[in-house]
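Descriptive analysis of the structure
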Amino acid sequence: MAHQGIYKALWLNDNDNLEVIDQRFLPFEKKTRILKTANDACEAIKDMTVRGAGVIGNVAAFGVYLAAREFAGDKSQIKQAAMNIRTSRPTAVNLMWAVDRMLNIVAQSDDVVKNCKAEAIAIADEDVLRTQKIGEIGCDIIENIMAKRKINQFNVLTHCNAGWLAILDSGSALAPIYEAQKRGIDIHVWVDETRPRNQGASLTSWELLDAGIKHTIIPDNTGGHLMQQGMVDMVITGADRVALNGDAANKIGTYLKALAAKDNDVPFYIALPISTFDFACEDGVSDIEIEIRSEDEVHLMRGIDRHGNVQDIRITPEESATINYGFDVTPARLITGLITEAGIIAPNKDAIGELK
Ligand code: MRU
């Protein structure tokens, strides 16, 4: 069944609390979690109940609304709660962007509760439109490559999860793929497993399976070989922060895919809404803060046992050291283009600066 844009990673429920899909249990169990307070929103971002640059921005925005309600419009308490949310993860700029937009409303409003709710909803609604547009523009690129190369089957490689679980409502990297399915294109997706948290193996595969899109999960080290063998027509990933010079931070391992793509003349695109640009960051490789996450994510693997229980099992010697960088930065020179709602943007200061 084609992706209809009916999926939601989060919504305000009948009690006006924020209900989110608890992504920690996918693909094994579809559970939701209800967030009633700003602190609940902050915790859900920190513990990865919700993840993906766009969706953490949305949860942050609704978190500020929850703070406004909780503190009955008291601006200094709301501000304090908003700043806690703003620092809950460091790399994805949509989080800071959304909180700053909400703080602007807090500063300007008399009816803070009502206006915060309206603003959080507006951000979510805008994301839906942005990702639809990204899908259309990205799919035009797919059609152009197919026409130029006279191929009637198309293979995309993607890394991490940049689907509707990561950004409302069509995703960023997956939006052109959903659109391709709508247009009747014969599309197949190579899904990087994306160690250590396996967002590709557990989330992207789950999304694509649900939408009926052909896909194959591959171990993270397989992409280079596939590109060498001519089995990848295009790489599309999302981004967590893109600097003014076009350098793009995305899930750890993205940089290696870009290097392999360059070596094999495979077009390498990043799909993102304009809210993922950090216009204040001049140079991504040197200036974007990279989150360092818990060693447990490397030591332990989540899976389901034969009795249907979701379990974390250790795969390493307990005493071995690990390091867990959550993201890396792909230099602009390796990126073919940035697919945004405003069109395809060249990864350089002049083109990106125009979007400010
Ligand atoms: O650590 P995560 O799962 O939040 O990382 C998510 C990614 O890196 C996505 O690729 C990125 O957010 C782009 S999708 C909006």
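A few words on the overall build of the protein. From N to C terminus, the protein includes 12 helices and 16 strands. In terms of overall dimensions, the protein is globule-like: its C-alpha atoms have a radius of gyration of 20 Å, near the 21 Å expected for 356 residues. Across its three principal directions, the C-alpha atoms of the protein cover 60 × 55 × 40 Å. For the protein, restricting intrachain contacts to residue pairs at least 6 apart in sequence, the fraction spanning at least 24 positions comes to 74%. When the accessible surface of the protein is totalled, it reaches about 14900 Å², and 49% of it is carbon and sulfur.

Here the focus is the site of the ligand. Around the ligand, a shell composed of 19 residues is seen, among which R51, A53, R89, N250 and K251 lie nearest. Contact between the ligand and D240: an oxygen atom at 2.9 Å from a side-chain N or O atom of the residue. A distance of 2.8 Å separates an oxygen atom of the ligand from a polar atom in the side chain of N250. For the ligand, whose unbound accessible area comes to 410 Å², protein coverage reaches 99%. Where the shell around the ligand is concerned, the elements lending two or more residues are α2 (53-70) and β9 (248-251). Residues of the shell around the ligand, tallied by class, amount to eight nonpolar, seven polar and four charged.

Right, let's talk about the domain arrangement of the protein for a bit. When the domains of the protein are assigned, the result is domain 1 (10-126) and domain 2 (131-353). Between the C-alpha centres of domain 1 and domain 2 the distance comes to 25 Å. Contacts between the two partners involve 27 residues from domain 1 and, on the opposite side, 32 residues from domain 2. Summing the contributions of domain 1 and of domain 2, the shared interface buries around 2500 Å²; its carbon and sulfur component is 59%. Of all residues in domain 1, F28, R51 and T91 give up the largest surface area on contact with domain 2, accounting jointly for 25% of the area buried on that side. Taken together, the connections running from domain 1 to domain 2 amount to one salt bridge. For R89, the salt bridge goes to E291, with nearest N and O atoms at 2.7 Å. Run the count over domain 1 and domain 2 and you get 13 residue pairs in polar contact (both at pLDDT 80 or more). Secondary-structure elements contributing two or more residues to the side of domain 1 that touches domain 2 are α2 and α4 (93-108). The residue inventory of the side of domain 1 that touches domain 2, partitioned by class, reads 15 nonpolar, six polar and six charged.

If you walk across this open sheet you meet the four strands as β11-β8-β9-β14, and the pairing is mixed. Unpaired on one side and paired on the other, β11 (277-278) and β14 (327-330) mark the two borders of the sheet. Strands in contact with helix α9 (residues 254-263) are β9 and β14; relative to β14, the strand with the most contacts, it is inclined by about 30 degrees.

As for its position among the elements, D127 is in helix α5 (residues 112-149). At 2.4 Å, the side chain of D127 and the side chain of R130 are in polar contact.

Our focus in this paragraph is empty space enclosed by the protein. One pass over the full model with this rule turns up three cavities of 30 Å³ or more. A volume near 210 Å³ is recorded for the largest cavity. Contributing to the lining of the largest cavity are 27 residues, with G52, A53, N161, A239 and D240 lying nearest its centre. Residue assignment for the lining of the largest cavity shows that the elements contributing at least two residues are α2 and β9.

With 98% of its residues at a pLDDT of 70 or more, the protein shows a mean pLDDT of 96. With pLDDT under 50 throughout, residues 1-6 is counted as low confidence; its partners more than four residues away or in other chains account for 13 contacts.

Below, the discussion takes up the sheet that holds strand β2 (residues 18-21). Across the sheet, three strands lie side by side as β1-β2-β3; this open sheet has antiparallel pairing. One side of each edge strand has no neighbouring strand; the edge strands of this open sheet are β1 (10-12) and β3 (32-35). Averaged over neighbouring strand pairs, the angle between their axes works out to 25 degrees when direction is ignored. One ladder, built from four bridges, connects β2 with β3; its direction is antiparallel. Note that in β3 the partner of V20 across the bridge is R33.

In this structure, the largest pocket spans a volume of roughly 500 Å³. Mapped by element, the contributors of at least two residues to the lining of the largest pocket are α7 (199-211), α11 (296-299) and β12 (300-304). Taken together, the residues of the lining of the largest pocket break down into eight nonpolar, five polar and nine charged. Split by domain, the lining of the largest pocket shows at least three residues from each of two domains, domain 1 (10-126) and domain 2 (131-353). The computed volume of the second largest pocket comes to approximately 180 Å³. Lining the second largest pocket are 14 residues; nearest its centre among them are R195, D220, I252, G253 and L256. Looking at the lining of the second largest pocket, its residues break down into six nonpolar, five polar and three charged.

Calculation criteria
Residues numbered from 1 in each chain as written. Predicted model: local features only at pLDDT ≥ 70, side-chain atom pairs only at ≥ 80, totals over all residues. Heavy atoms only, no water. Helix = DSSP H or I, 4+ residues; strand = E, 2+ residues; numbered from the N terminus. Rg over C-alpha atoms; globule rule 2.2 N^0.38 Å. Contact = heavy atoms within 4.5 Å. Areas by Shrake-Rupley, 256 points an atom, 1.4 Å probe, with all protein chains shown as cover. Near = heavy atom within 4 Å. Polar contact = N/O pair within 3.5 Å; in protein donor to acceptor, adjacent residues only side chain to side chain. Nonpolar A, V, L, I, M, F, W, Y, C, P; charged D, E, K, R; others polar. Domains from an automatic or database assignment. Buried area = accessible area lost by both parts, 1.4 Å probe. Salt bridge = Lys/Arg side-chain N within 4 Å of Asp/Glu carboxyl O. Pairing = 2+ DSSP bridges. Axes fitted to C-alpha atoms, helices over the stretch in contact; angles between N-to-C directions. 1 Å grid on protein atoms, 1.4 Å probe; cavity = no way out; pocket = protein on both sides within 12 Å on 5 of 7 lines; lining within 4 Å. Points joined across faces, edges and corners; volume = space filled by probe spheres on them. pLDDT = per-residue confidence, 0-100.

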